[in-house]
Amino acid sequence: MTDKTSKTSNKMWGGRFAAGPDAIMEAINASISFDKRMAAQDIAGSRAHASMLATQGIIETSDAEAIREGLLTVLSEIEGGTFEYSAALEDIHMNVEARLKEVIGEPAGRLHTGRSRNDQVATDFKLWVRDQCDAAEGALVALIRALLTQAEAGADWVMPGFTHLQTAQPVTWGHHMMAYVEMFGRDLSRMRDARARMNESPLGAAALAGTSFPIDREMTAKALGFDRPSANSLDAVSDRDFALEYLGSASICAMHLSRFAEELVIWSSAQFRFVTLSDRFSTGSSIMPQKKNPDAAELIRAKIGRIFGANVALMMVMKGLPLAYSKDMQEDKEQVFDAADNLMLALAAMEGMVRDMSANRDQLAAAAGSGFSTATDLADWLVRVLGLPFRDAHHITGALVAMAETQGCDLPDLTLEQMKLEHDGITEDVFSVLGVENSVNSRISYGGTAPVQVRAQIARWKELVA
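The model shown is predicted, which means the values in this text are computed figures rather than measured ones.

Points about the overall build of the chain
Right, on to step 1. On a plain count of helices and strands, the chain comes out with 19 helices and six strands.
Right, on to step 2. At 31 Å, the chain has a C-alpha radius of gyration far larger than the 23 Å of a compact globule built from 466 residues.
Right, on to step 3. Its C-alpha atoms put the chain at 100 × 55 × 40 Å along the principal axes.
Right, on to step 4. Put simply, the chain has 466 residues, and 51% of those count as buried.
Right, on to step 5. For the chain, contacts bridging at least 24 residues in sequence account for 74% of all contacts bridging at least 6.
Right, on to step 6. When the accessible surface of the chain is split by element, carbon and sulfur atoms take 53% of a total near 21,200 Å².
Right, on to step 7. Looking at the chain, you have 45 positive and 62 negative side-chain charges, and the mean spots of the two groups are 4 Å apart.

Here is the structure:
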């Protein structure tokens, strides 16, 4: 296939235009440089449309078969890298149709019966985004499984839980991993919800008002895996909610990835040493031989901005458009393509890091016992055993923390006599709640950090992603 002339482009537009576009108009108008990514979806839609036209008696069966076979030839050229794209033909739809005519001749001109580029591009784009929802679903399931493996290995390993990045209460490694399972589980649900909502076919809505040809939209919808045809032709060609909903879901998922990446950066530092990342997802320094940098996590953290930006950019494109189609909507794809690429890359990198990383159990345990992490357990004991109001217990515990801090020790290191200075009802039994192991084992409420609860949640999620 050779590059087309402006005359060919005018012929595709029809007889309304006598002169060809100048170079600037051609450059701003063309989208083939990026929308060629939808070639497989475009050809699938056209093959379904041709079959329906023949079934309905709108075109001859022989013409439909020639079209369907010719489209497979075009697809093989595209997949084989021999197809030559033309900016003069604007987009993937015109490029495919022009090449189809070269391959099969006159029957190619019948393909566009009963449809418009407006419903064609909406169908192609929706099919592409639907594929991305499926891809994201697969990647999220893989990441969740990697997290479950980590959680199961360390279901009873103690570590510090943080608020404000300050030591708060002891938790388990498994509990922390399962927190991310819940987060990515919601992302999985959002992707599935978005896919279900977008699964209506725009094909057959034509330019904006439907068509006078006796088409069967149920047939093409079924052939392309849609649940049903869209119910309003105006909405069908002007809707980009499916792309926005994908980007919204991707943005929330990206935010979760960024939060986890930040923790991995902190945890792998020499100051924390909670985890060791594998060499596969780390880099060194050109000047400092001791360095092992968590670059994969840092790049995930940075790439997320591109996904957020795509979401905002498409919102801005769509916010002021009257019904139905406007050329502004050509700017709907590049952002989505870029966001999808970066989301999939970030998910794959995070799964790899999680699978390869090693949690440093001894360091986690040492950190869990520091920073007065069992202070809340002490306050709870004062309420539960001595019957004190919680606010009084909170005050007494705070005073004991201050005492321990002054003496440079932790709460379990205080003597019973020292504790009795704050409340003479305190007994030796208090030391049973001051160990971090006792603390985590006591948190048996549903969703708590006790290993028995963690293992129950692991079992539940294993069934959900089986």
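Next comes the rest of the account.
Some details on the side chain of glutamate 263
Right, on to step 1. Positionally, glutamate 263 belongs in helix H11 (residues 241–267).
Right, on to step 2. Within the buried set, glutamate 263 has no salt-bridge partner at all; the shortest N-O distance to an opposite charge, 6.9 Å, is to arginine 259.
Right, on to step 3. Look past the residues within four positions of glutamate 263 in its chain and what remains in contact with it is His176 and Tyr180.

As for the environment of glutamate 90
Right, on to step 1. For glutamate 90, the location among the structural elements is in the loop between helix H5 (61–80) and helix H6 (92–104).
Right, on to step 2. By relative accessible area, glutamate 90 is classed as buried at 3%.
Right, on to step 3. For glutamate 90 and isoleucine 28, which are 62 residues apart along the polypeptide, the C-alpha to C-alpha distance reads 9.5 Å.

Thoughts on helix H15 (residues 375–386)
Right, on to step 1. Compared with an ideal rise of 1.5 Å per residue, which puts 12 residues at 16 Å, H15 spans 16 Å between its outermost C-alpha atoms and is within 8% of the ideal.
Right, on to step 2. Among all positions in H15, only Ala375, Asp377, Leu378, Ala379, Trp381 and Leu382 are buried.
Right, on to step 3. Close packing links the buried residues of H15 with strand S2 (166–172), helix H16 (390–407) and helix H18 (436–442).

With respect to the nonpolar core
Buried together is how nonpolar side chains tend to be arranged in soluble globular proteins.
Right, on to step 1. Counting residues in each nonpolar core, the largest one holds 80 residues, and the members touching the most others are Trp173, Leu257, Phe260, Trp267, Leu343 and Met350.
Right, on to step 2. Residue assignment for this core shows that the elements contributing at least two residues are helix H7 (117–153), helix H8 (173–198), H11, helix H12 (295–318), helix H13 (333–356), helix H14 (361–368) and helix H19 (451–464).
Right, on to step 3. Setting aside residues no more than four positions away along its own chain, phenylalanine 260 makes contact with Leu147, Met177, Tyr180, Phe184, Trp267, Met350, Val354 and Met357.

Let's talk about the packing of aromatic side chains
Right, on to step 1. Within the structure shown, the criterion is met by 11 aromatic pairs.
Right, on to step 2. The interplanar angle of 55° and the centroid separation of 4.8 Å between the aromatic rings of phenylalanine 83 and tyrosine 85 together place this pair among those described as tilted.
Right, on to step 3. In this structure tyrosine 85 comes out as partly exposed when scored by relative accessible area, which is 27%.
Right, on to step 4. Considering the side-chain rings of tyrosine 180 and phenylalanine 260, the 4.1 Å spacing of their centres and the 20° angle between planes classify their relative orientation as stacked. Within this pair, whereas tyrosine 180 is found in helix H8, its partner phenylalanine 260 is found in helix H11, the two being separated by 80 residues in sequence.
Right, on to step 5. Residue classification places phenylalanine 260 among the buried positions, given a relative accessible area of 0%.
Right, on to step 6. We note arginine 37 situated over the ring of phenylalanine 337; from NZ or CZ to the ring centre the distance is 5.0 Å.
Right, on to step 7. One Lys or Arg, arginine 130, reaches over the ring of phenylalanine 226 and ends 4.8 Å from the middle of that ring.

Describing the pairing of strand S1 (residues 158–163)
Right, on to step 1. Pairing geometry for S1 and S2, over five bridges, is antiparallel. Paired with proline 160 across the strands is proline 170, a residue of S2.
Right, on to step 2. Here S1 folds back onto S2 in antiparallel fashion, the turn holding two residues, of which histidine 164 has a positive phi close to 60°.

Things to note about the confidence of the model for the chain
Right, on to step 1. In this model, the chain carries an average pLDDT of 91, and 93% of its residues clear a pLDDT of 70 or more.
Right, on to step 2. In the model, residues 1–9 has pLDDT below 50 throughout and makes 22 contacts with residues more than four positions away in sequence or in other chains.

Observations regarding the pattern of salt bridges
Right, on to step 1. Scanning the model with the defined rule gives 24 salt bridges in all.
Right, on to step 2. Notably, a salt bridge pairs arginine 460 with glutamate 182, separated by 2.8 Å at the nearest N-O pair. Of this pair, arginine 460 sits in helix H19 while glutamate 182 sits in helix H8, and the two are 278 residues apart along the sequence.
Right, on to step 3. A salt bridge links aspartate 332 to arginine 240, with the shortest nitrogen-to-oxygen separation between them at 2.6 Å.

Conventions adopted
Residues numbered from 1 in each chain as written. Predicted model: local features only at pLDDT ≥ 70, side-chain atom pairs only at ≥ 80, totals over all residues. Heavy atoms only, no water. Helix = DSSP H or I, 4+ residues; strand = E, 2+ residues; numbered from the N terminus. Rg over C-alpha atoms; globule rule 2.2 N^0.38 Å. Buried < 20%, exposed > 50% of the residue type's maximum accessible area, 1.4 Å probe, protein only. Contact = heavy atoms within 4.5 Å. Areas by Shrake-Rupley, 256 points an atom, 1.4 Å probe, with all protein chains shown as cover. Lys, Arg positive; Asp, Glu negative; His and termini not counted. Charge placed at Lys NZ, Arg CZ, Asp CG, Glu CD. Salt bridge = Lys/Arg side-chain N within 4 Å of Asp/Glu carboxyl O. Expected span 1.5 Å × (residues − 1). Core = buried A, V, L, I, M, F, W, Y, C linked by side-chain atoms within 4.5 Å. Phe/Tyr/Trp six-rings, centres within 6.5 Å; stacked < 30°, edge-to-face > 60°. Lys NZ or Arg CZ within 6 Å of the ring centre and 35° of its normal. Pairing = 2+ DSSP bridges. pLDDT = per-residue confidence, 0-100.

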